[in-house]
Amino acid sequence: SRTGLPDVPPPPPRGADTAALLGEVGVTLPPGAGVTPYPPEQPLGRWLLSVVRWGYFAWRSGNI
């Protein structure tokens with residue numbers, strides 16, 4: 001395609017606007033409060049175990 005891709009900023013962290021919204025009501029929060037980090041990536045072994053469990057369940061239920 002010859003259509004260019006637009007530059008889009010990344011999404012804000014979850015809960016980043018909490019302090020701003022509560023500040024409008026008069027509630028003050030310490031810095032960093034309300035921001036929920038995304039869970040870290042799982043180790044490879046745990047991820048593979050999840051894939052195997054899902055595959056076994058799908059095979060036993062007749063979906064594969």
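Here, every reference points to the structure presented above.
Residues numbered from 1 in each chain as written. Predicted model: local features only at pLDDT ≥ 70, side-chain atom pairs only at ≥ 80, totals over all residues. Heavy atoms only, no water.

J.: Could you give an account of the overall build of the protein chain, with specific residues and numbers?
T.: Assigned secondary structure in the protein chain consists of 2 helices and 0 strands. Classification of the 64 residues of the protein chain by burial places 3% in the buried group. Per element, the accessible surface of the protein chain, about 6200 Å² overall, is 64% carbon and sulfur. (Helix = DSSP H or I, 4+ residues; strand = E, 2+ residues; numbered from the N terminus. Buried < 20%, exposed > 50% of the residue type's maximum accessible area, 1.4 Å probe, protein only. Areas by Shrake-Rupley, 256 points an atom, 1.4 Å probe, with all protein chains shown as cover.)

J.: Tell me about the packing of aromatic side chains, residues and numbers included.
T.: Overall, the coordinates contain 1 aromatic pair when judged by the stated rule. Here the aromatic rings of Tyr56 and Trp59 are separated by 6.0 Å at their centres, their planes lie at 45°, and the arrangement is tilted. Taken as a pair, Tyr56 and Trp59 lie in helix α2 (residues 44-61) at a separation of 3 residues, close to a single helical turn. For the pair Tyr56 and Trp59, one class covers both residues: exposed. (Phe/Tyr/Trp six-rings, centres within 6.5 Å; stacked < 30°, edge-to-face > 60°.)

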